[in-house]
Amino acid sequence: MSSTSWLTPKFISRLEALELSIKWVRAGHQLGGRFAVNRRGSSVEFADYAAYCAGDDIRAIDWNLYARLDRLFIKTYKEEIALSVELLIDATPSMGAPTSAKFERATQIAISLGYVALSDGHHARVHWVKPGRLIRSGWFHQRRDLPRMAEAISSGALGGAAELGEWMRRTALATRMHGGQALLLTDGMVRPADFFRALHVLMVRNVEIKVIQILTPQELHPAAFIGAGTLVDVESGSTHQLAYPPAALERAVASHNEQLARFCKRSGIPFAQHRLDEPLETFITNTLPLRGFLE
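Residues numbered from 1 in each chain as written. Predicted model: local features only at pLDDT ≥ 70, side-chain atom pairs only at ≥ 80, totals over all residues. Heavy atoms only, no water.

**Some thoughts on the packing of aromatic side chains**
Quick reminder of the rule: Classification of ring pairs rests on two measures: the distance between centres of Phe, Tyr or Trp rings, Trp counted by its six-membered ring, which must be within 6.5 Å, and the angle between planes, read as stacked under 30 degrees, edge-to-face over 60 and tilted in between. Categorising residues by exposure relies on relative accessible area from a 1.4 Å probe, with only protein chains included: less than 20% of the type maximum marks a residue as buried, more than 50% marks it as exposed, and the intermediate range marks it as partly exposed. Under the scheme used here, helices are H or I runs from DSSP no shorter than 4 residues and strands are E runs no shorter than 2 residues, and both carry numbers assigned from the N terminus.
Counted according to the given criterion, the structure contains four aromatic pairs. When the ring of Trp-6 is compared with that of Phe-11, the centres are 6.0 Å apart and the planes differ by 55°; the resulting orientation is tilted. Of the two residues, Trp-6 and Phe-11, both sit in the buried class. Taking 5.9 Å as the distance between ring centres and 85° as the angle between the ring planes, the aromatic pair formed by Trp-63 and Tyr-66 counts as edge-to-face. Placement of both Trp-63 and Tyr-66 in helix 2 (residues 63-69) is noted, with a separation of three residues, approximately one turn of the helix. Tyr-66 gets classed as partly exposed once you look at its relative accessible area, which sits at 31%. Members of the aromatic cluster, connected to one another through ring pairs, are Phe-195, Phe-196 and Phe-263.

**A look at the packing of helix 3 (residues 101-119) against helix 4 (residues 146-154)**
Cut-off, in case you're wondering: Between N-to-C directions, angles span 0 to 180 degrees; the directions come from axes that are lines fitted to C-alpha atoms, helices contributing only their stretch in contact. When describing relative orientation, an angle under 35 degrees is termed roughly parallel and one over 145 degrees roughly antiparallel, while 65 to 115 degrees is termed roughly perpendicular and anything else oblique. By definition, any crossing whose near helix is turned counterclockwise from its far helix by less than a right angle is left-handed, and any crossing with a clockwise turn is right-handed. Working rule for contacts: check all heavy atoms of both residues, and any pair within 4.5 Å makes them a contact. Amino acids outside the nonpolar list (Ala, Val, Leu, Ile, Met, Phe, Trp, Tyr, Cys, Pro) and the charged list (Asp, Glu, Lys, Arg) are all regarded as polar, and Gly is one of them.
Running from N to C, helix 3 and helix 4 cross one another at 155°; their axes reach a closest spacing of 10 Å. One element, helix 3, and the other, helix 4, form an angle in the roughly antiparallel class. Helix 4 is crossed by helix 3, and the crossing has right-handed handedness. Across the interface between the two elements, Thr-107, Ala-110, Ile-111, Gly-114, Tyr-115 and Leu-118 from helix 3 touch Leu-146, Met-149, Ala-150, Ile-153 and Ser-154 from helix 4. Of the residues in the contact of helix 3 with helix 4, the class split is eight nonpolar, three polar and no charged.

**Things to note about the pairing of strand 5 (residues 123-129)**
What counts here: Any two strands with at least two DSSP-identified bridges between them are counted as paired.
Most of strand 5 sits inside the fold, with seven of its seven residues counted as buried. In strand 5, alternate side chains face the same way, and those of His-123, Arg-125, His-127 and Val-129 on one face and Ala-124, Val-126 and Trp-128 on the other are all buried. In this structure, strand 5 lies alongside strand 6 (residues 135-136), joined through two bridges in antiparallel fashion. Within strand 6, the position partnered with Trp-128 by the bridge is Ile-135.

**Describing the pairing of strand 8 (residues 208-215)**
Most of strand 8 is tucked away: eight of the eight residues are buried. Alternating positions in strand 8 separate into two faces, Glu-208, Lys-210, Ile-212 and Ile-214 on one and Ile-209, Val-211, Gln-213 and Leu-215 on the other, with burial throughout. The sheet contact formed by strand 7 (residues 181-186) and strand 8 spans six bridges and is parallel. Paired with Leu-183 across the bridge in strand 8 is Lys-210. Looking at chain direction, strand 8 and strand 11 (residues 271-275) are connected through five bridges and run parallel. In the strand pairing of strand 11, Ile-214 is matched with His-274.

**Brief notes about helix 9 (residues 280-290)**
Those residues of helix 9 that fall on the buried side of the exposure criterion are Leu-280, Phe-283, Ile-284, Thr-285, Thr-287 and Leu-288. In this structure, the buried residues of helix 9 make contact with helix 1 (9-16), helix 3, strand 8 and strand 11. In the stretch just after helix 9, Gly-292 is the one whose phi turns positive, near 85°.

**Examining the environment of Pro-279**
Following the sequence through the fold, Pro-279 ends up in the loop between strand 11 and helix 9. When neighbours within four sequence positions are excluded, Pro-279 is seen to be in contact with Arg-105 and His-274.

**Brief notes about the side chain of Asp-187**
Put simply, the rule is: Two N or O atoms count as a polar contact when they lie within 3.5 Å, although within protein this holds only if one can serve as hydrogen donor and the other as acceptor, and sequence-adjacent residues are included solely when both atoms are side-chain atoms.
Following the sequence through the fold, Asp-187 ends up in the loop between strand 7 and helix 6 (192-203). A distance of 3.0 Å separates a polar atom in the side chain of Asp-187 from the backbone nitrogen of Met-189. Those residues within four positions of Asp-187 in sequence are excluded, and the remaining contacts are Asp-90, Ser-94, Met-95, Lys-102, Gln-213, Ile-214 and Leu-215.

In structure tokens, the structure reads:
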């Protein structure tokens, strides 16, 4: 279990001053919240009229309005909802290489963003990307849930290799994921096509997606640390003989990361790259607001 000593009162106070950046609210927990949405049916506060559609409850029809306009309208009402925030942590073997600090940093960022969500009146839960049985926490609802949420996220462990796209499909179906916001924390060490497929699974479900790529300096500039030799894939176990000139290796890594970032940009998905040598607090309070994650 990772230590939470980094979660100081000063840092918590800074998190409470932040809010998740939200483009739209299409669905969420109907447990109270600060987002008012119009829904057909009955509630407390009248919002507006909407044209009657086949399948609408005829009890919601305003017959007085029909008598005046000779057209069917139903009443809609305001309902307060809280946003569903899904924290998706990559727990595949590459997140532990070349150092386990990469996975630990992912958990710290998840705890930080989860608390920002709770402070802003949303509800959050965490999922771990790993093979086999789907593993996720229960929902956390209030600020006072921080210790329990931090303990749950910190207790996560690395697993085996998993295809991100297939894992996302299974998770979306199992949890009936629709609407809300998903924050994917990964090193991006996945085939670009699999990465695109995973995000597409959420896009078609009206989930607002944000991606944080966590990398070590060695991974960003491998030529400075890796010479000739045999490279072992920690997820598949396959080996690759390194015979690239340093410049070619740098270009290959940069091209891979650029593909991920470019897809997110084209799809309107906020994307941020985090280096382990950047302080956590600086990344959360300075970088993420600039990248459209927080306000």
